[in-house]
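The chain contents come next:
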Amino acid sequence: MGADWPRGYGVEILEETGSTMDEARSRAAAGVPGPVWVMARRQTSGRGRRGNVWGDPGGNLAATLLLRPKMGAKDAARLSFVSSLAVADMLGALAPDKRIQTKWPNDALIEGGKVSGILLESEGQGDHLEWVSVGIGVNLAHAPEPTPGAAFPPVSLAALLGEAPDAEDALRELAAAFARWLDIYRAQGFAPLRDSWLARAARLGERIEARLPRETLSGVFADIDSDGALVLETPQGTRKIAAAEVFFPQNAP
Ligand SMILES: O=C(O)CCCC[C@@H]1SC[C@@H]2NC(=O)N[C@@H]21
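Please read all numbers here as calculations on a predicted model, not as lab measurements.

**Student:** Can you help me understand the overall build of the protein in this one?
**Tutor:** Each helix and strand in the protein was counted, giving six helices and 13 strands. Here the C-alpha atoms of the protein give a radius of gyration of 17 Å, agreeing with the 18 Å that 2.2 N^0.38 yields for 253 residues. The C-alpha extent of the protein, read off along each of the three principal axes, is 50 × 45 × 30 Å. Evaluated residue by residue, the protein yields a buried proportion of 49% over its 253 residues. Residue pairs at least 24 apart in sequence account for 66% of intrachain contacts in the protein once pairs closer than 6 positions are excluded. Total accessible area computed for the protein in this model is approximately 11600 Å², and 48% of it derives from carbon and sulfur atoms.

Structure representation (structure tokens):
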């Protein structure tokens, strides 16, 4: 532990807000250039993917990075891999003895449990996004109640480590790791991120289930492609999947 705050990144720490995603959005609308991290010690209406509520009783990390990355939508979509690698590095710094894995598309697992969530929002189109916001929540002190049918049991670092890491310390680790991976992405493209992500991927080469809006596919998780799509070997052939929810069957071979 003990990363330095990355150069060129601002930080604002709020006691309480609705959602740090809205804080980032309003700063973007006001012309704040970024990059800036906005952290809240407590969110009253945090949101997750697919319109889910992201509960935040306090003591967890809730932060959003506002970026103006000078990228198009396709390149910016790969920022979710920058984010999950950064979360994995942060977890490695906070919990060095625990098993940390990436899970497609942009989760990080610790000891097989869901400890964090990543949400990307943006404005602009095609080759020119005005801004991107990367929202990251980490269960430092509390995990939510397990929901029936959820892909993974929620877990907190406090439960695994005996005490909750401090949110500001966690943000500093996260911000340093994010800046490192973003620099690599800008300088070398997606390939090194893809390699590092795959090296930590849960269930690579094993049977998984991908739930799409209109079908559920079962097959072997073979790879991710150069756009970050999941490559699934199914009995009917290879499928590249851009968006789905992934489940790990209990009895995977
Ligand atoms: O559904 C998920 O897994 C993503 C959850 C993202 C939660 C974070 S907490 C900080 C930021 N503010 C929000 O309202 N959501 C994100």
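There's plenty left to go through after this.
**Student:** Help me understand the pattern of salt bridges, please; the structure alone is not making it clear to me.
**Tutor:** A pair can form between side chains of opposite charge whenever their charged atoms are brought close. Throughout the structure, instances matching the rule amount to 23 salt bridges. Ionic pairing is found between R41 and E15, a salt bridge with its closest N-O pair at 3.3 Å. In this pair, R41 sits in the loop between strand 2 (36-40) and strand 3 (61-67) while E15 sits in the loop between strand 1 (10-14) and helix 1 (20-29), placing the two residues 26 residues apart along the sequence. Given a relative accessible area of 29%, R41 falls into the partly exposed group. Exposure remark for E15: the relative accessible area of 56% places this residue in the exposed category. In this structure, the salt-bridge partner of K240 is D225, at a minimum N-O distance of 3.8 Å. On the criterion of sequence distance, the pair formed by K240 in strand 12 (residues 237-241) and D225 in the loop between strand 10 (216-224) and strand 11 (230-234) is long-range, its members being 15 residues apart. Judged by its relative accessible area of 14%, D225 is buried.

**Student:** I tried to follow the packing of helix 3 (residues 79-94) against helix 5 (residues 167-188) on my own but got confused; where do I start?
**Tutor:** In helix packing, the relevant descriptors are the interaxial angle and the interaxial distance, both defined with respect to the helix axes. At their nearest, the axes of helix 3 and helix 5 sit 8 Å apart, and the two run at 140° to each other. Judged by the inter-axis angle, helix 3 sits oblique to helix 5. As helix 3 runs across helix 5, the sense of the crossing is right-handed. Contacts between helix 3 and helix 5 involve L79, V82, S83, L85, A86, V87, D89, M90, A93 and L94 from the former and A170, E173, L174, A177, F178, R180, W181, L182 and Y185 from the latter. A breakdown of the residues in the contact of helix 3 with helix 5 according to their chemical character gives 15 nonpolar, one polar and three charged.

**Student:** Please explain the domain arrangement of the protein as it appears in this structure.
**Tutor:** Interfaces are frequently sized by the accessible area removed from exposure as the parts join. Partitioning the protein into domains gives domain 1 (10-199) and domain 2 (207-251). Counting residues at the interface gives 16 residues for domain 1, matched by 17 residues for domain 2. Of the roughly 1300 Å² buried at the junction of domain 1 and domain 2 (both faces included), carbon and sulfur atoms supply 62%. On inspection of domain 1 and its partner domain 2, the count reaches four salt bridges. One can count six residue pairs in polar contact (both at pLDDT 80 or more) joining domain 1 with domain 2.

**Student:** What is the right way to read the site of the ligand from this model?
**Tutor:** The immediate surroundings of the ligand are formed by 19 residues, with S19, Q43, R47, R49 and K114 found nearest. Take T20: an N or O atom from its side chain is 3.0 Å from a nitrogen atom of the ligand. Residue R49 places a main-chain N or O atom 2.8 Å away from an oxygen atom belonging to the ligand. Protein burial of the ligand: of its 420 Å² of free accessible surface, 97% is covered by the chains.

What counts and what doesn't
- Residues numbered from 1 in each chain as written.
- Predicted model: local features only at pLDDT ≥ 70, side-chain atom pairs only at ≥ 80, totals over all residues.
- Heavy atoms only, no water.
- Helix = DSSP H or I, 4+ residues; strand = E, 2+ residues; numbered from the N terminus.
- Rg over C-alpha atoms; globule rule 2.2 N^0.38 Å.
- Buried < 20%, exposed > 50% of the residue type's maximum accessible area, 1.4 Å probe, protein only.
- Contact = heavy atoms within 4.5 Å.
- Areas by Shrake-Rupley, 256 points an atom, 1.4 Å probe, with all protein chains shown as cover.
- Salt bridge = Lys/Arg side-chain N within 4 Å of Asp/Glu carboxyl O.
- Axes fitted to C-alpha atoms, helices over the stretch in contact; angles between N-to-C directions.
- Parallel < 35°, antiparallel > 145°, perpendicular 65-115°, else oblique.
- Left-handed = near helix turned anticlockwise from the far one by under 90°.
- Nonpolar A, V, L, I, M, F, W, Y, C, P; charged D, E, K, R; others polar.
- Domains from an automatic or database assignment.
- Buried area = accessible area lost by both parts, 1.4 Å probe.
- Polar contact = N/O pair within 3.5 Å; in protein donor to acceptor, adjacent residues only side chain to side chain.
- Near = heavy atom within 4 Å.

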